[in-house]
Every structure is written in C-alpha cells, then in structure tokens.
Amino acid sequence: MVQAVKDLQEFKDIINGDTVAIFDFWATWCGPCKIISPIFEKLAGQYGGAKFYKVDIDEAADIAEEVGVRAMPTFIAFKSGQKIKEVVGANPAGLQAMVESHATA
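Explanation requested: the state of the cysteines in the structure shown.
Among covalent bonds in proteins, the disulfide is the one between the sulfur atoms of two cysteines. What the rule picks out here adds up to one disulfide. Paired through a disulfide, Cys30 and Cys33 show a sulfur-sulfur distance of 2.3 Å. With the S-S dihedral at roughly 80°, the linkage between Cys30 and Cys33 falls on the right-handed side. No difference in accessibility class separates Cys30 from Cys33, as the two residues are buried.

Can you walk me through helix H1 (residues 8-15) in this structure?
Counting along an α-helix, one turn takes 3.6 residues, and residues three or four places apart therefore face a common direction. Every buried residue belonging to H1 is among Phe11, Ile14 and Ile15, and all of these are buried. For H1, the angular spread of buried residues about the axis comes to 90°, placing them on one side. Packed against the buried residues of H1 are strand S2 (20-26), strand S3 (50-56), helix H3 (61-67) and strand S4 (74-79). Two or three places before Gln9, at the opening of H1, Asp7 has a side-chain oxygen 3.1 Å from that residue's backbone nitrogen.

What am I meant to see in the pattern of salt bridges here?
Pairing of side chains with opposite charge becomes possible as their charged atoms draw close. This model, assessed by the stated rule, comprises three salt bridges. Among the ionic pairs, Asp24 bridges to Lys54, the shortest N-O distance being 2.9 Å. Highlighted residues: Asp24 in strand S2 and Lys54 in strand S3, separated in sequence by 30 residues. The burial state of Asp24 is the same as that of Lys54; both residues are buried.

What is the right way to look at the sheet that holds S3 in this model?
Strand pairing in a sheet takes place through backbone hydrogen bonds and is either antiparallel or parallel in direction. Read across the open sheet, the five strands follow the order S1-S3-S2-S4-S5; overall the sheet is mixed. One side of each edge strand has no neighbouring strand; the edge strands of this open sheet are strand S1 (2-4) and strand S5 (82-88). Averaged over neighbouring strand pairs, the angle between their axes works out to 25° when direction is ignored. Both S2 and S3 contribute to a ladder of seven bridges, which runs parallel. In the strand pairing of S3, Ile22 is matched with Phe52.

The rules behind each value
- Residues numbered from 1 in each chain as written.
- Predicted model: local features only at pLDDT ≥ 70, side-chain atom pairs only at ≥ 80, totals over all residues.
- Heavy atoms only, no water.
- Disulfide = S-S within 2.5 Å.
- Buried < 20%, exposed > 50% of the residue type's maximum accessible area, 1.4 Å probe, protein only.
- Helix = DSSP H or I, 4+ residues; strand = E, 2+ residues; numbered from the N terminus.
- Arc of directions from axis to C-beta.
- Contact = heavy atoms within 4.5 Å.
- Polar contact = N/O pair within 3.5 Å; in protein donor to acceptor, adjacent residues only side chain to side chain.
- Salt bridge = Lys/Arg side-chain N within 4 Å of Asp/Glu carboxyl O.
- Pairing = 2+ DSSP bridges.
- Axes fitted to C-alpha atoms, helices over the stretch in contact; angles between N-to-C directions.

What follows is the structure, encoded as structure tokens:
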C-alpha cells in the first residue's frame, strides 16, 4: 500500500504524474512519526484514488530538501508536479481531511 521512495529522480517522476501522490516525510528518531505512521498506513488502505509513499528524510535528504521539509512528520499531496496540500505535524484529523479531500475511497 505504502511505497518507500529513496531516489530523487523517482520522486520527481511520481509527483509529475496525473495521480495524486501523498507523501509521509518522516525519520526513525521521530516519536510523533511513529505514532501517526499506522494512521497513514490505514488511510492508504482505504483510499484508492491516490498513491501513498514514505520518505525517510535521513535516507533521502535530497528529496526533503527539494520540497522544503522543515519538521517531521510532514505530509504533502502532489498532482501533476504541483503541491496541492500540506499537513505538518502528527495531526490525525488534518491528515485524514487531506486524504479525504484529494483521494477517493
């Protein structure tokens, strides 16, 4: 359901597609990331209208830098190369609202 992305070119290819791509920018040392990760995974299983990805900012710092991630976790939805929505922090209600508004069940 959720695919890890570690390569900047792969990231660019994904975000430039016609399908909404929702990314979880996280880190292994981030406590709030661990708390919200199961919620992200659950949403990925419920909404088929978007694709879901995770980026470990320590393994793929170039991707995090490319989009300007400053805090973890950060969730960003992209479509056709454009950032369409961003939720910063472990905010389950905000994350769910973003997914519901940009992905179909």
